[in-house]
Amino acid sequence: NAGVTQTPKFRILKIGQSMTLQCTQDMNHNYMYWYRQDPGMGLKLIYYSVGAGITDKGEVPNGYNVSRSTTEDFPLRLELAAPSQTSVYFCASSYRNTEAFFGQGTRLTVV
Amino acid sequence: EDKVVQSPLSLVVHEGDTVTLNCSYEVTNFRSLLWYKQEKKAPTFLFMLTSSGIEKKSGRLSSILDKKELFSILNITATQTGDSAIYLCAVLLLTNAGGTSYGKLTFGQGTILTVHP
């Protein structure tokens, strides 16, 4: 009954460090998304993928990279972390044009 | 540019009140509109609306879509403290890449609902 699993749950990074947020889903969904949510705000789309090997930018892609080598996994890479990337990151997946299911989020603080 | 706008941004009511949350959109290639509830962690799905004028209901929550006016509302009757949450509206729209159509889920900024006892 795993659904969408994100790791880690929390992370503190220093400015300029890099890290990868992991996301995996076991529902065989073809669509996967990465969002960020700042305090009291809605979700902003960073990147999305419609299948293995296919990714596209969302509203706020700068400072991030993604890859989708398998259907299950959609990691988000932060290079050269900046304080502006302090946020809660959500991964989601869906089957084609249906509702998306979300992971529990990763709270990232850049200091 | 695709836009999804929710109002009000925040709302404080007392238990038993009825609330109406609004979501308007300006997007190309609309496919459907979704409502989510977010408490402390991940958003959880409430409704998906694809056709105009057909109300969806789940207990005290209901929602309807007007595709002519590009608008949806989410109603909550007899509110309870457990309804306190951020309510998110999202639009699933179709984008094209390489001749193929893909869905993309775009969210509004959310409405923070606080229900006092």
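Everything discussed here concerns the structure shown above.
The paragraphs below set out a description of the structure included in this document.

### Topic: the pairing of strand E5 (residues 43-51) of chain A
Residue and element names in this part refer to chain A. Taken across its nine residues, E5 has eight buried, putting it largely inside the fold. Relative to E5, strand E4 (residues 31-37) runs antiparallel, the two being bridged by six bridges. What sits directly across from Met32, in E5, is Ser49. Taking the residues that link successive antiparallel strands as the turn, the E4-E5 hairpin has five residues, and the phi of Gly40 there is positive, at about 70°. Where E5 lies against strand E6 (residues 54-57), four bridges are found, and the strand directions are antiparallel. Paired with Gly51 across the two strands is Ile54, which belongs to E6. Between the end of E5 and the start of E6, which pair antiparallel, lie two residues, with Gly53 showing a positive phi angle near 85°.

### Brief notes about the pairing of strand E11 (residues 111-116) of chain B
As a general feature of sheets, a regular strand has side chains that alternate between the two faces. Residue and element names in this part refer to chain B. Burial of E11 is one-sided: the residues Thr111, Leu113 and Val115 facing one way are buried, the residues Ile112, Thr114 and His116 facing the other way are not. Bridge analysis of strand E2 (residues 10-14) against E11 gives five bridges, and the strand direction is parallel. Its bridge partner lying in E11, His14 is registered against His116.

### Remarks on the nonpolar core
Formed by 23 residues in total, the largest nonpolar core has its most connected members in Tyr33(A), Tyr35(A), Phe102(A), Tyr36(B), Leu105(B) and Phe107(B). Among the secondary structure elements, those contributing two or more residues to this core are E4, E5 and strand E9 (87-94) of chain A together with strand E4 (30-38), strand E9 (85-97) and strand E10 (100-107) of chain B. Judged by nonpolar contacts, the second largest core, of 22 residues, contains Phe47(B), Leu61(B), Cys89(B) and Val115(B).

### Details of the state of the cysteines
This model, assessed by the stated rule, comprises two disulfides over all chains. Here Cys23(A) engages in a disulfide with Cys91(A); their sulfurs sit 1.9 Å apart. Taking the sign of the S-S torsion, -70° for the link of Cys23(A) and Cys91(A), the bridge is left-handed. Within this pair, whereas Cys23(A) is found in strand E3 (residues 19-25), its partner Cys91(A) is found in strand E9, the two being separated by 68 residues in sequence. Accessibility assignment for this pair places Cys23(A) and Cys91(A) in one class, buried. Two residues, Cys23(B) and Cys89(B), share a disulfide whose sulfurs are 1.9 Å apart.

### A few points about the interface of chain A and chain B
Tallying the contact residues gives 20 residues for chain A and 24 residues for chain B. Here chain A packs against chain B, burying approximately 1,900 Å² in sum over the two surfaces, 60% of which is carbon and sulfur. Taken as a group, Asn97(A), Glu99(A) and Phe102(A) account for 26% of the area that chain A buries against chain B, more than any other trio of residues on that side. In this assembly, chain A and chain B are joined by four residue pairs in polar contact (both at pLDDT 80 or more).

### Regarding the side chain of Gln6(B)
Residues and elements named next belong to chain B. Within the secondary structure, Gln6 is located in strand E1 (residues 3-7). Within polar-contact distance, the side chain of Gln6 engages the backbone nitrogen of Cys89 at 2.9 Å. Filtering out sequence-adjacent residues up to four positions away, Gln6 remains in contact with Asn22, Cys23, Trp35, Tyr87, Leu88, Cys89, Gly108, Gln109, Gly110 and Thr111.

### Focus: the sheet that holds strand E1 (residues 4-7) of chain A
Residues and elements named next belong to chain A. The strand order E1-E3-E8-E7 describes an open sheet built from four strands, whose pairing is antiparallel. Of all strands in the sheet, those bounded by a partner on one side alone are E1 and strand E7 (64-66). Ignoring strand direction, the axes of neighbouring strands in this sheet form an average angle of 20°. Sheet topology places E7 next to strand E8 (residues 76-78); three bridges connect them, and they run antiparallel. From the neighbouring strand, Tyr64 faces E8, where its bridge partner is Leu78.

### Quick look at unusual backbone geometry
With an omega dihedral of -5°, the bond running from Thr7(A) to Pro8(A) counts as a cis peptide bond. Within the fold, Pro8(A) resides in the loop between E1 and strand E2 (10-13). Residue Pro8(B) is bonded to the preceding Ser7(B) through a cis peptide linkage, with omega at -10°. Structurally, the position occupied by Pro8(B) is in the loop between E1 and E2. If you check the backbone angles, Leu80(A) has positive phi at about 55° while not being a glycine.

Cut-offs used in this document
Residues numbered from 1 in each chain as written. Chains lettered and ligands numbered in written order. Predicted model: local features only at pLDDT ≥ 70, side-chain atom pairs only at ≥ 80, totals over all residues. Heavy atoms only, no water. Buried < 20%, exposed > 50% of the residue type's maximum accessible area, 1.4 Å probe, protein only. Helix = DSSP H or I, 4+ residues; strand = E, 2+ residues; numbered from the N terminus. Pairing = 2+ DSSP bridges. Core = buried A, V, L, I, M, F, W, Y, C linked by side-chain atoms within 4.5 Å. Disulfide = S-S within 2.5 Å. Contact = heavy atoms within 4.5 Å. Buried area = accessible area lost by both parts, 1.4 Å probe. Polar contact = N/O pair within 3.5 Å; in protein donor to acceptor, adjacent residues only side chain to side chain. Axes fitted to C-alpha atoms, helices over the stretch in contact; angles between N-to-C directions.

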